[in-house]
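A structural walkthrough
Residues per chain are reported as follows:
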Amino acid sequence: MSLWTAQEIAAATGGTASADFAVSGVAFDSREVGPGDLFVAMSGEATDGHRFLDQAFGQGAAGALVSNPTDHPHVRVADSFRALEDLGRASRARTQATIIGVTGSVGKTSAKEALYAALERGWRGAVHRSVKSYNNHTGVPLSLARMPRDVRAGVFEMGMNHAGELSTLTAMVRPHIAIVTAIAPAHTEFFPDESAIADAKGEIFQGLQPGGTAIIPYDSPHRDRLIAAARPYADRIVTFGFDPAADVRAVEAMRGATGGSFVTARLGDKELNFTLSQPGRHWVSNALAVLAAVDAAGGDLGLAGLALAELGGLAGRGARFRAGNGALVIDESYNANPASMRATLAVLAEEPGRHVAVLGEMRELGEDSADYHAGLVEPILAARVERALLVGESMAPLAAALEGRVDFVHVADAKAAREALAAIIAPDDVVLIKGSNGVGLSRVVAALRGDIPTGGA
């Protein structure tokens, strides 16, 4: 069965179809268009998607959603971005799936992927999720529009960096289950304090459907604030964490022989013992949120535990590999804030070998940025880092604080970091690479994988 027909697209968007066609996927990036896809040609500040219609159809697009004339099979609308939103809403309206929304300052992509794996283990081929970090005003409607007609569950990540954004996204997703993974200093440039961040994350509960479940981190200092935000909308509030009072709690969590954790979790009168492949206390917390959601969705907890044991690391979010010289690389290059920096440095602390930390600056931290960066001294020392490579201008306060305490090099950018790292990395090293995405440390990772020359652009 097709994902969308031309007439269904026209009905959903108020557009006019030029011909009969059917599509099996949706994309708004012409580089990602594949055979059978609907290409959504959007006009943006940097470029106009209509310029890439020939390319999209050359790659096999079956139709396009356009606001300008074209000879290709299409549905024409007044505004293709608004039409994408309408298509997402139509997808949500026609599904009978259990819809789960995930947000948080840290861990939302990892929790989304883990939850997908946990549900997919029991409902093979019947679970949909947003891919990559498609969690904003364009990514969420795209992910909705891509949802097959007959899935049993849909898992959608929602992000924000300003108040009010999540309320708009959650009204589109309309989840039956809404998860907040954690509250931490992220995007603080746009918020007066952490409580304001909690309030903005709590907007996800506004979209909960009747009978819905809110899943909240018990150990967060903002727990009561989140509970208050959920109470008007949630039929049921479930907390997760390490505290004995949490509804879903880790009774025990021990480091496993392969680097992950062996966890005993209790959910009401149910107890589950499982191995978690990913290391770190933060991953145990993510797993508890996932189990709470699986339970709320009516999934199989035993199969969820098996899925968590098999979960691989995500590129940029904990993936591990051996560099050409044999050094172990922990790829956390996708993003960073003070909480996630501390969590991943704690993971590094558990690894045998010489510890090397390549740390990129943390962005969007506002006027407290210097204090947040300097505050990484303690977790760096606790992680027994023997060599630090600091990347970016905002790392200057940390460099000053580390002087005389840890051997370090402070460089301007990712290219300089690649060159500096090549001179110091040794076969028995464990190398943690973490920073805000805009710093470009993924290029350092690519060089260590051999995908680009070490000193390349």
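None of the values given here were measured: they were computed from a predicted structure.

The sites that UniProt annotates as "domain: Mur ligase N-terminal catalytic" (unreviewed entry) are residues 23–74. The span residues 23–74 carries 12% helix and 25% strand; its end-to-end C-alpha distance comes to 11 Å.

The tally for this structure, following the rule as stated, stands at 1 aromatic pair. Between the aromatic rings of F28 and Y134, the centroid separation amounts to 6.0 Å while the plane-to-plane angle is 40°, which identifies the pairing as tilted. Taken as a pair, F28 in the loop between β4 (25–27) and β5 (37–40) and Y134 in the loop between β9 (127–129) and α5 (139–145) lie far apart in primary sequence, 106 residues in all. Under the relative-accessibility criterion, Y134 is labelled buried at 14%. The aromatic ring of Y218 is capped on one face by R223, whose charged end is 4.2 Å from the ring centroid. The cationic tip of R317 hangs over the ring face of Y334; the distance from NZ or CZ to the ring centre is 3.9 Å.

Turning our eyes to something else, we now look at the sheet that holds strand β13 (residues 236–241). Adjacent strands of a sheet form backbone hydrogen bonds with each other and so pair up, either parallel or antiparallel. Within the open sheet, the 9 strands sit side by side as β9-β10-β8-β11-β12-β13-β14-β15-β16. Their pairing is mixed. In the strand order of this sheet, the two ends are held by β9 and β16 (270–276), each with one partner. For this sheet the average axis-to-axis angle between neighbouring strands, irrespective of direction, equals 15°. Here strand β8 (residues 98–103) pairs with strand β11 (residues 177–180) via 4 bridges, running parallel. Residue pairing across strands places T103 opposite V180, the latter belonging to β11. Against the sheet, helix α10 (residues 301–310) makes contact with β15 (261–267) and β16, and its axis sits at roughly 20° relative to β16, the strand it touches most.

With that settled, consider the side chain of S285. Along the chain, the position of S285 falls in helix α9 (residues 281–296). Residue classification places S285 among the buried residues on the basis of a relative accessible area of 18%. Sequence-distant contacts of S285, that is, excluding residues within four places in its chain, are made with F240 and F242.

Rules of the game
- Chains are numbered independently. Their residues run from 1 in the order of the written sequence.
- Totals for whole chains, interfaces and linings use all residues, but because this is a predicted model, local features are given only for residues with pLDDT of at least 70 and pairs of side-chain atoms are given and counted only at 80 or more.
- No hydrogens and no water enter the side-chain calculation; it runs on all heavy atoms of the structure.
- UniProt positions are given in the numbering used here, feature names are shortened, and annotations may be inferred rather than shown by experiment.
- Numbering of helices and strands runs from the N terminus, with a helix taken as a DSSP run of H or I at least four residues long and a strand as a DSSP run of E at least two residues long.
- Only rings of Phe, Tyr and Trp enter the pairing, Trp through its six-membered ring, and a pair is recorded when the two centres are within 6.5 Å. The plane angle decides the type: under 30 degrees is stacked, over 60 is edge-to-face, the rest tilted.
- Categorising residues by exposure relies on relative accessible area from a 1.4 Å probe, with only protein chains included: less than 20% of the type maximum marks a residue as buried, more than 50% marks it as exposed, and the intermediate range marks it as partly exposed.
- In this analysis the charged atom, NZ for Lys or CZ for Arg, is taken to sit over a ring once it is within 6 Å of the ring centre and within 35 degrees of the ring normal.
- Strands pair, by our definition, only if DSSP identifies at least two bridges between them.
- Working convention: axes come from line fits to C-alpha atoms, limited for helices to the stretch in contact. Angles between N-to-C directions cover 0 to 180 degrees.
- Residues count as neighbours in contact if any of their non-hydrogen atoms are within 4.5 Å of one another.

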